[in-house]
Amino acid sequence: MNTYKLKQLLIIVSIVMLGLSDGVSARKNRYPCPTFNLKRHEFGLGVSTTLLDSKGLVNSYRREVSGFESLPGYCTLRLHETGFFSLFFDYQYRFNDNWSLEARLKYKYRNSEMHLEYITDELIGLTTDGIYLTFSDLSLPVTCNYRWVTRTGSSIEFVGGMGVCFLGLGGTHKLPFYYDDIENTHGETGLFYERSVDFFGLVGIQFEIPYGLFTLKPFVSYSYSPIQHSLFKIRYLDDNNNLIKEYNSAQINTSELEVGIIFQL
């Protein structure tokens, strides 16, 4: 099963869980319960992926690099797909029925497919095969949660907080390119990090579906930071690998709409 199908499956399961959350809780408890599934310490495992990642407003990795000095020097780097999956450990400490603190240790794996288009000295437009890049990050979001128990006995949590992300811990961030023309043009293209640590804000909503000792928690959240942390680049090099010219994308910052599920004890 490829990553696109896995992504579709996770989104479908999360949406179904969101839709069923109220109905399941209503059958278990038809009246409000002030101590709904109250535990002081709760631990869990979760999985998530990006939502609407084809939209630049919620996916700042959706960038394009274009360069133009003369017709043989024309080049464009276009992203065709980019999105991430994450696996994380979840811990929640409840002060009372309503208020809690929640922290997640999250491993994020992003896969991107790009194409490099250029014009040769013979004024022939060419496109490289797919350039596949992978990025692995480690993030730690911490949120303050407010839980609201509905009249049917179901539970909704509103979350807000901030986090830190350690960028570029693994993967293939850049690759060389070469095409046979009069100048034997070559260089490298990919993602270049301006800094390795990023801070972001986070808001979201999650539902609780209790089942015995366990709880399923589908959620939707949005993370954002206005501060640039990396750029896509096309870098032309000479025979000694010295930089000749360079083209950059617009800034890349944290902007992620995320959907996922937590399995909590």
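## A look at the overall build of the chain
- The helix and strand tally for the chain stands at one helix and 14 strands.
- In the chain, which comprises 265 residues, the share counted as buried stands at 46%.
- Taking contacts inside the chain between residues at least 6 apart in sequence as the whole, the part at least 24 apart equals 72%.

## Observations concerning the pairing of strand β11 (residues 214-224)
- With nine bridges connecting them, strand β10 (residues 197-211) and β11 associate as antiparallel partners. Bridging across to β11, G204 finds its partner in S221.
- Alignment of β11 against strand β14 (residues 255-264), held across 10 bridges, turns out to be antiparallel. Following the sheet pairing, Y222 is matched in β14 by L257.

## Side note on the sheet that holds strand β12 (residues 230-237)
- Taking strand neighbours across the sheet as the criterion, the four strands line up as β8-β9-β12-β13 in an open arrangement whose pairing is antiparallel. A single partner strand is all that each edge strand has here, and the edge strands are β8 (174-178) and β13 (243-248). In this sheet, adjacent strand axes meet at a mean angle of 20 degrees when their direction is disregarded.
- As paired strands, β8 and strand β9 (residues 186-193) are joined by five bridges and run antiparallel to one another. Bridge pairing in β9 links Y178 to H186.

## A short note on the pattern of salt bridges
- Using the criterion set out here, one finds 18 salt bridges in the structure.
- Beyond isolated ion pairs, a larger network of salt bridges with shared partners links E42, D90, R94, E102, R104, R147, E157, E208 and K217.

## Comments concerning the confidence of the model for the chain
- With 78% of its residues at a pLDDT of 70 or more, the chain shows a mean pLDDT of 81.
- Between residues 21-35, whose pLDDT stays under 50, and residues either more than four places distant or in other chains, the model counts 25 contacts.

## What about empty space enclosed by the protein?
- A full pass over the atoms with the stated rule returns three cavities of 30 Å³ or more.
- In this structure, the largest cavity spans a volume of roughly 190 Å³.
- What lines the largest cavity is a set of 22 residues, among which K108, F200, S223, T254 and E256 lie closest to the centre.
- Contributing elements (two or more residues each) for the lining of the largest cavity: β4 (99-119), β6 (131-149), β7 (155-170), β10, β11 and β14.
- Roughly 60 Å³ of internal volume is contained in the second largest cavity.
- If you go around the second largest cavity, the residues you meet are E102, R104, T143, V159, L202, G204, I205, Q206, F219, V220 and S221.
- Those elements giving two or more residues to the lining of the second largest cavity turn out to be β4, β10 and β11.

## Let's talk about the packing of aromatic side chains
- Counted under the stated rule, the structure contains 10 aromatic pairs.
- Between F88 and F219, the ring centres sit 6.2 Å apart and the planes meet at 65 degrees, which makes this aromatic pair edge-to-face. Taken together, the residues F88 in strand β3 (residues 75-94) and F219 in strand β11 connect sequence positions 131 residues apart. Like F219, F88 is buried.
- Aromatic pair F214 and F263: ring centres 5.3 Å apart, planes at 25 degrees, arrangement stacked. Taken as a pair, F214 in strand β11 and F263 in strand β14 lie far apart in primary sequence, 49 residues in all.

Basis of the calculations
- Residues numbered from 1 in each chain as written.
- Predicted model: local features only at pLDDT ≥ 70, side-chain atom pairs only at ≥ 80, totals over all residues.
- Heavy atoms only, no water.
- Helix = DSSP H or I, 4+ residues; strand = E, 2+ residues; numbered from the N terminus.
- Buried < 20%, exposed > 50% of the residue type's maximum accessible area, 1.4 Å probe, protein only.
- Contact = heavy atoms within 4.5 Å.
- Pairing = 2+ DSSP bridges.
- Axes fitted to C-alpha atoms, helices over the stretch in contact; angles between N-to-C directions.
- Salt bridge = Lys/Arg side-chain N within 4 Å of Asp/Glu carboxyl O.
- pLDDT = per-residue confidence, 0-100.
- 1 Å grid on protein atoms, 1.4 Å probe; cavity = no way out; pocket = protein on both sides within 12 Å on 5 of 7 lines; lining within 4 Å.
- Points joined across faces, edges and corners; volume = space filled by probe spheres on them.
- Phe/Tyr/Trp six-rings, centres within 6.5 Å; stacked < 30°, edge-to-face > 60°.

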